[in-house]
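Inside the fold
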Amino acid sequence: MRKNFYLSGLFLCILALCVCGCGGGGSAADPMGTGTVQFVDGSGSVIDTATVVPNGTITLRAKVTNLRSDGTSVPVVNEEVYFSIVNTGNGGSLTVLNTRTSGSGTATALFTSGNSMYSDIVQVTTEGSKSTATIHINKTGGMTTPRIDTLTASTPTVVAGQTSVITAHVVDGSSSPVMGVLVRFRLPVNGSGASFSDAYADDNFYAYTDVGGNATAVYKAGGVDPYSVVYDTVQAELENGSSKAVEIKRTAGTAPPPSGLTLTTNPSPPSVAAGQTIIITATITGDDKAYAAVIFTIPVNASGASFINAGGSHVSAITVIANGSGIATALYQAGSTSPGTAVQDTVQAVLANGSNAAVIITRTSTTPSTYTVAIAASSTSVTAGQVSIITATVTVSGTTPGPAAGVPVVFTLPVKGSGVPTLTPTTATTDGSGKAVVIYQPGTTSPTLTVQDTVQAAVGTATNSVVITRTGSTASAYSITVTALPTTLALVDSNSVITANVKNNAGTVVSGVTVDFVVTGTAAPALLGTLSPASATTDGSGNAVTTFTGGGAGRLTDQTDVVTATVRGTTYTAAVIITYP
């Protein structure tokens, strides 16, 4: 009897184990598949966010519980869970310490962030209930100052039209790759007339480093002087001044024999007023017409005309290399000699074999123009830390009176009572409203004394001036340096990164102060560019950053926007000019 009793008890125990191991689609730890997973902190409180420094490590705890019928929760023990990173592109990594929950229902993993300020998302999923939870991990603190470690070219020797991938590798002080750093690629030496794919209007290319700390640009060799070996230099730069350069050799091609040519003009018929331009197009004929050299001259020059070269200089003769289709163009500008009389110039194009063609251009008679300059300052009283925006308005009288667009205005400082005041830039071209804008900043000589500077604007013999008083102060002051990258934009939706660096009067960077950014300019308020954010707080390097987005359709292409940064009201301010080509 006792033996049968023990056998019966053993049978019931086995039966109970079988029942507990079945049903519900759950795991052995959560047989009914009803468990809920949540991220918790060290005290067990539910959390959905956490913070970590770049390259830092934090512990993530996932807790699985079941809800009883009486409303209380109990931990699920030995439940299998899976940790994963949702946005894997930020360089973060996970080390899972235990994949099954402990006696308290908790499983843990270590998360190490990448070397960037981008946020990460980590997800945990249970095996039994397929319950999920996510946690957003934000970055705090700052990164070690980045630097360009290497700059390499995939193909250091190229032919005209061939490309080479330029790679800048950016690391921090620990030689770890840095993600999300803006790299500017430019061509300080450009013997071949090279360019970058998708370059900005200023011929520079900008790219952010990826998770491996790499930013790339595609260089394309140009066709200038195609029958000689020339060298280009590609330079990569960071905003903090770190830079490296790599040299690329553009090999020489074989010169084709010259052919005949014809000349055409735009506009046609070729008749223009003084100062106006005409595009002269030489079309080379023959089988070997690509990349031939064409020399443009003005053998009959009654108007005092000239050509405008690629650098914007006026020259009496210019050599142009034809493109692959045998087309070469030159930009002719009519002169102003004998303005009251219609005169004729002759433009001639010549090939190396002596083949030539010519076209006659009529320069019409005009009444000489007279310019008038008005000048105004946004503030005629500043302290040593402030700036004032100087606007010169130029009007013209004559055959077409009104605002004078496209006129260069020279700004000078004939009186410098403050020591070494500055103007940025010193020469500016008027926009469609006849306005040219520069930024004045007083010097710091004898800062406790009130002194005066004089800013003068000149167009030819027409001048005007404004006096600016630099007031003395014994109070502790701030100074701001504002930079824009880039400073020239296309019209619609192009961006520039604006950085304001704040220092105190001892020259030490200041962190934790709010910088307010404002956009003004010569366009209508509705057509000005925008800033996001409008205010930013300086970091440990004293930098506050915002993004400038160019104005939309409807504004003139030659108008100017000015971004002003201000600290603590209107006491200390600086500005930067954004131009539109």
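Up top you'll find the structure we're talking about.
What comes next concerns the included structure. (Residues numbered from 1 in each chain as written. Predicted model: local features only at pLDDT ≥ 70, side-chain atom pairs only at ≥ 80, totals over all residues. Heavy atoms only, no water.)

1. A look at the sheet that holds strand E42 (residues 530-532)
Taken together, four strands build an open sheet; the order of strands is E39-E40-E44-E42 and the sheet is antiparallel. Edge positions in the sheet fall to strand E39 (478-485) and E42, since each of these pairs with one other strand and no more. Strand-to-strand twist in this sheet, taken as the mean axis angle between neighbours without regard to direction, amounts to 30°. Sheet topology places strand E40 (residues 495-504) next to strand E44 (residues 543-549); seven bridges connect them, and they run antiparallel. In the sheet register, Ala500 faces E44, and the bridge partner there is Ala544. (Pairing = 2+ DSSP bridges. Helix = DSSP H or I, 4+ residues; strand = E, 2+ residues; numbered from the N terminus. Axes fitted to C-alpha atoms, helices over the stretch in contact; angles between N-to-C directions.)

2. A short note on the nonpolar core
Grouped together as the largest cluster of nonpolar side chains are 32 residues, with contacts concentrated most on Ile498, Phe517 and Val563. Only strand E36 (435-441), E39, E40, strand E41 (514-521), E44, strand E45 (560-567) and strand E46 (572-579) provide two or more residues apiece to this core. Among the elements that line this core, the one with the most residues is E46, at five residues. Formed by 26 residues, the second largest nonpolar core is a distinct cluster that contains Leu263, Val294, Val347 and Ala349. (Core = buried A, V, L, I, M, F, W, Y, C linked by side-chain atoms within 4.5 Å. Buried < 20%, exposed > 50% of the residue type's maximum accessible area, 1.4 Å probe, protein only.)

3. Concerning the environment of Ala292
Position of Ala292 among the secondary structure elements: in the loop between strand E21 (277-284) and strand E22 (293-301). Taking relative accessible area as the criterion, Ala292 reaches 7% and is therefore assigned buried. Each C-alpha atom of the pair Ala292 and Ala328 lies 8.7 Å from the other, and the pair is 36 residues apart in sequence. Every residue in contact with Ala292, bar those within four places of it in the chain, is listed here: Tyr227, Ile284, Val320, Ile321 and Ala322. (Contact = heavy atoms within 4.5 Å.)

4. Here we look at unusual backbone geometry
Pro486 follows Leu485 through a cis peptide bond whose omega is 0°. Within the secondary structure layout, Pro486 lies in the loop between E39 and E40. With an omega dihedral of 5°, the bond running from Ser532 to Pro533 counts as a cis peptide bond. Relative to the assigned elements, Pro533 resides in the loop between E42 and strand E43 (535-537). Although it is not a glycine, Asn78 sits at a positive phi angle of roughly 70°. Residue placement: Asn78 occurs in the loop between strand E4 (73-75) and strand E5 (81-85). The residue Asp225 is not glycine, and still its phi comes out positive at about 50°. In this fold, Asp225 is placed in the loop between strand E16 (214-220) and strand E17 (230-237).

Function cannot be read off these values alone, since they describe shape.
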